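One letter stands for each residue in the lines below.
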Amino acid sequence: MNAIIIAAGSGKRISKDVESIPKSLINVNGKPIINYQIEILRELGIQDIIVITGKFNDKFDIKNVNYVHDTKHEQHDILGSLMEAKKFLKNDVLVLYSDIIFESKIIEQILNLNSDISLAIDLDWEKNYLNRSDHPKSEAENVLLDSNNNILQIKKNIQNKKSRIGEFLGIIKFSNHGCEIFLKKYDDALKKYDTSFHDASSISKAYLTDMIQELIDCKVQVDPIFISGKWCEIDTLQDLKNTEKKFSDYSLE
C-alpha cells in the first residue's frame, strides 16, 4: 500500500511565526505534524510514502519518502495538488491531509475495510469543536448519510437535523480500481466543467471534497469508514494549543 500526504499548504493562518514554513512541519509538542503521520504509517507497514510539497519544499528533509513538488500550488487548491502526484494513484493507497494528527488505531480501522473508495468519518465530531472558537463548527467538512449509511453529500456546514451527519477526517482509502475510477472521473470533469465545480469557483480551485461530491453525483459508490479514537485537525493557533494538550502523552507503542 502507498500513502500520499498532501503537504503543499502553509501555516499562515496559525501564526506569523510559522507563516514561512509548511503547515505540516509545525511542531506539536516538539515534533512536526507530518512526523506523527509518517511514524504511524510505517508502524503499520506502509513504507511507500509520497509527500506533495508546495512553496517551502526546501524545508522538508524527511528520509525515505518520495517528494512531488507542486510548482503550481498557487494556481490551484488541494485537488490540483493531489493531481500533481497522480502517477502514484495506483494499487491500494491512502490519501491524507497533512494537518491532522491521529491515533494509530484510526488508521487500523481504515485499513480493515475493503472498498474501492472510502472516507474516514467521525460521527461523534461535534465534541471536537468545544473550546474552538477560532475554527467553529460551520467550517467542518461534513458528510450527510442516509438511513442505510450511504453518503449523500460532502461539504462544509451541512444543516439537516433529520439525517446523520459526520465529519470527514481528511483521509481517503482507494483500491487500484478506485484509483482508476477517480482519475477517469477527474478527466471527465476537466472536459465537463469550464466554470464552477460544486462549491468551488472552478475545478482548478476545487477541494478534494468537491471531487468526492462529483463521484457521488455520478453514482460512484463511496463508502464511509466510521472511526473511533483521538484525532485533531490543526488550522489555527487555538487548534495547535488544543492538540498539544490532547496529545501531551502521545507515544507510539
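For the structure, see preceding data.
Residues numbered from 1 in each chain as written. Predicted model: local features only at pLDDT ≥ 70, side-chain atom pairs only at ≥ 80, totals over all residues. Heavy atoms only, no water.

*Asks:* Looking at this structure, how should I read the overall build of the protein?
*Replies:* When you go through the protein residue by residue, the secondary structure sums to 6 helices and 13 strands. For the protein, the C-alpha radius of gyration of 17 Å lies close to 18 Å, the compact-globule estimate for 253 residues. Projected onto the principal axes, the alpha-carbon positions of the protein cover approximately 45 × 40 × 35 Å. Surface summary for the protein: the accessible area is close to 12100 Å², and the carbon and sulfur share equals 44%. Separation of charge centres in the protein, based on 33 positive and 39 negative side chains, amounts to 2 Å. (Helix = DSSP H or I, 4+ residues; strand = E, 2+ residues; numbered from the N terminus. Rg over C-alpha atoms; globule rule 2.2 N^0.38 Å. Areas by Shrake-Rupley, 256 points an atom, 1.4 Å probe, with all protein chains shown as cover. Lys, Arg positive; Asp, Glu negative; His and termini not counted. Charge placed at Lys NZ, Arg CZ, Asp CG, Glu CD.)

*Asks:* Help me out: how do you make sense of the environment of Asp 187 in this one?
*Replies:* Within the element layout of this structure, Asp 187 appears in helix H4 (residues 176-192). Spatially, the C-alpha atoms of Asp 187 and Ile 101 are 31 Å apart, while their sequence positions differ by 86 residues.

*Asks:* Help me out: how do you make sense of helix H5 (residues 208-217) in this one?
*Replies:* It helps to recall that an α-helix has 3.6 residues per turn; residues three or four apart then point in one direction. Within H5, 9 of the 10 residues are buried, which leaves the element mostly enclosed by the surrounding structure. Burial in H5 covers these residues: Leu 208, Thr 209, Asp 210, Met 211, Ile 212, Gln 213, Glu 214, Leu 215 and Ile 216. Two residues or fewer after H5 comes Lys 219, characterised by a positive phi angle close to 65°. (Buried < 20%, exposed > 50% of the residue type's maximum accessible area, 1.4 Å probe, protein only.)

*Asks:* Sorry, what's going on with the pairing of strand S9 (residues 141-145) here?
*Replies:* Along any regular strand, the residues point their side chains to alternate faces of the sheet. With 5 of 5 residues buried, S9 is to be regarded as a mostly interior element. Side-chain alternation along S9 places Glu 141, Val 143 and Leu 145 on one buried face and Asn 142 and Leu 144 on a second face that is also buried. As paired elements, S9 and strand S10 (residues 151-156) share 5 bridges and run antiparallel to each other. Counterpart to Val 143 in the pairing with S10 is Ile 154. A loop of 5 residues connects S9 with S10, the two strands running antiparallel in sequence, and Asn 149 in this loop sits at a positive phi of about 65°. By the bridge criterion, 4 bridges tie S9 to strand S11 (residues 164-174) in an arrangement that is antiparallel. Considered in S11, the bridge of Asn 142 is made with Glu 167. (Pairing = 2+ DSSP bridges.)

*Asks:* Explain the pattern of salt bridges to me, please; I cannot follow it from the model alone.
*Replies:* Opposite charge on two side chains allows them to pair when their charged atoms are near. Summed over all chains, the structure comprises 9 salt bridges. A salt bridge links Arg 132 to Asp 239; the shortest N-O distance between them is 2.7 Å. Here the residue Arg 132 occupies a position in the loop between strand S8 (117-122) and S9, and Asp 239 occupies one in helix H6 (residues 237-246), the gap between them amounting to 107 residues. An identical accessibility class is assigned to Arg 132 and Asp 239; each is buried. Within the structure, one salt-bridge network assembled from shared partners comprises Lys 23, Asp 99 and Asp 235. (Salt bridge = Lys/Arg side-chain N within 4 Å of Asp/Glu carboxyl O.)

*Asks:* It is not clear to me how the packing of aromatic side chains should be interpreted in this structure. Could you clarify?
*Replies:* Describing an aromatic ring pair means giving the distance of the ring centres and the angle of the ring planes. Scanning the entire structure with this criterion turns up 5 aromatic pairs. For the ring pair Trp 125 and Tyr 129, a centre distance of 5.8 Å and an interplane angle of 80° mean the geometry is edge-to-face. Side by side, Trp 125 and Tyr 129 carry an identical accessibility label, which is buried. Judged by centre distance (4.8 Å) and plane angle (75°), the ring pair of Tyr 193 and Phe 197 falls under edge-to-face. Taking NZ or CZ as reference, Arg 132 lies 4.6 Å from the ring centre of Tyr 129, over its face. (Phe/Tyr/Trp six-rings, centres within 6.5 Å; stacked < 30°, edge-to-face > 60°. Lys NZ or Arg CZ within 6 Å of the ring centre and 35° of its normal.)

*Asks:* Explain the nonpolar core here, please?
*Replies:* With 42 residues, the main nonpolar core has Leu 82, Leu 89, Phe 182 and Leu 208 as its most contacted residues. With near-sequence residues (within four places) excluded, Leu 89 lies in contact with Ile 4, Leu 82, Met 83, Val 95, Phe 174, Cys 179, Phe 182 and Leu 183. Residues Ala 3, Leu 96, Ile 171 and Ile 227 belong to the second largest nonpolar core, which totals 27 residues. (Core = buried A, V, L, I, M, F, W, Y, C linked by side-chain atoms within 4.5 Å. Contact = heavy atoms within 4.5 Å.)

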